[in-house]
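# Architecture and fold: a report
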Amino acid sequence: MNLVGDGGLARQIRDVIDSFNCYSISCGGPVQESKAWLVAFASLDSLEKREEAYDLLQLEYKTIGTLISPKATVSPTARIEQGGVILHDAFIGPGASLDVNVLVGTRAVVEHGSLIGQHSVVLTGAIVNGGVNIGCRVMIGSGAIILQDVAICDDVKIGAGSIITKNITEPGVYVGVDQWLKHIL
Ligand SMILES: CC(C)(COP(=O)(O)OP(=O)(O)OC[C@H]1O[C@@H](n2cnc3c(N)ncnc32)[C@H](O)[C@@H]1OP(=O)(O)O)[C@@H](O)C(=O)NCCC(=O)NCCS
């Protein structure tokens, strides 16, 4: 297993791995044959770094596993691509689709039919409502709420506790609630 990062998030991931003997490794066939590696990219400083690390490891190992906490609830109709990490008590609803290397944090929610793009992270307690479309390398900060059917473009960071009710079409860092939403960077 390769665990990149040693911050709080990496330690949460480690907890999932250490506490349970039943994490699942999937994608690409049997572990022995595919040499599947479980990869958890924890870096939040730069989501581009998550992408770079993922690409490098994929070149080396071809197949990358997923880590799904046994305490998480994942709908049988949800799709989680390789490199996915789902932490304790997260909920992934029916028809939700997580592209490669997506991390869903402790108690975070991705509701029915939502799409999360490559290398994106939905952090502790954040809620992505139904029908949301999130791009690549997007960070949804702790406790943020994305309302139903909202679309967020690539390379966006949503600050902790923000509530997003409208589409975001420009990359950048956004914090706040609805009408006084600030584009700070
Ligand atoms: C949005 C975020 C990425 C911005 O970080 P940053 O670029 O370092 O920004 P700064 O801390 O310099 O803050 C810039 C301004 O935005 C404000 N701000 C930052 N985050 C905010 C938030 N979540 N809600 C409201 N205002 C926020 C700051 O008060 C500051 O305002 P000011 O210019 O009036 O003083 C970061 O604050 C954040 O929310 N990260 C999420 C962290 C998280 O969820 N971690 C979970 C780890 S498991």
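Being a predicted model, the structure only gives us computed values, none of them experimental.

### A closer look at the overall build of the chain
- The secondary structure content of the chain amounts to 3 helices and 21 strands.
- For the chain, the proportion of its 185 residues judged to be buried stands at 39%.
- Here the analysis covers contacts within the chain between residues at least 6 apart in sequence; of these, 24% occur between residues at least 24 apart.

### Some points on the environment of G105
- Along the polypeptide, G105 turns up in the loop between strand 9 (103-104) and strand 10 (109-110).
- In the structure, G105 is positioned 96 residues away from L9 in sequence and 8.2 Å away in space, judged by C-alpha atoms.
- Setting aside chain neighbours within four positions, we find G105 in contact with L87, A90, V122, L123 and T124.

### Description of the site of the ligand
- Around the ligand, the surrounding shell holds 17 residues, and the nearest of these are G141, S142, G159, A160 and V175.
- Of all the secondary structure elements, the ones that give two or more residues to the shell around the ligand are helix 1 (8-19) and strand 20 (172-175).
- For the shell around the ligand, a count of residues per class yields 7 nonpolar, 9 polar and 1 charged.

### Things to note about the nonpolar core
- Formed by 41 residues in total, the largest nonpolar core has its most connected members in I86, I92, V104, V110, V122, V128 and I140.
- Every element with two or more residues in this core is listed here: helix 1, strand 3 (67-68), strand 6 (85-86), strand 9, strand 10, strand 12 (121-122), strand 15 (139-140) and strand 18 (156-158).
- By residue number, the principal contributor to this core is helix 1, which donates 3 residues.
- Split by domain, this core shows at least three residues from each of two domains, domain 1 (2-61) and domain 2 (67-183).
- Setting aside residues up to four positions removed in sequence, I92 forms contacts with V74, S75, A78, I86, V104 and V110.

### Concerning the sheet that holds strand 14 (residues 133-134)
- Taking strand neighbours across the sheet as the criterion, the 5 strands line up as 5-8-11-14-17 in an open arrangement whose pairing is parallel. Lying at the two open borders of the sheet, with one neighbouring strand each, are strand 5 (79-80) and strand 17 (151-152).

### Re the environment of A96
- For A96, the location among the structural elements is in the loop between strand 7 (91-92) and strand 8 (97-98).
- According to the C-beta neighbour criterion, A96 is buried, with 26 such atoms within 10 Å.
- Sequence separation of A96 and I80 is 16 residues, and the distance between their C-alpha atoms is 8.4 Å.
- If near-sequence neighbours (up to four positions away) are discounted, A96 is found in contact with S75, A78, V110, E111, H112, G113 and S114.

Conventions and cut-offs
Residues numbered from 1 in each chain as written. Predicted model: local features only at pLDDT ≥ 70, side-chain atom pairs only at ≥ 80, totals over all residues. Helix = DSSP H or I, 4+ residues; strand = E, 2+ residues; numbered from the N terminus. Buried ≥ 20, exposed ≤ 12 C-beta atoms within 10 Å, placed from the backbone. Contact = placed C-beta atoms within 7 Å. Near = placed C-beta within 6 Å. Nonpolar A, V, L, I, M, F, W, Y, C, P; charged D, E, K, R; others polar. Core = buried A, V, L, I, M, F, W, Y, C linked by C-beta atoms within 7 Å. Domains from an automatic or database assignment. Pairing = 2+ DSSP bridges.

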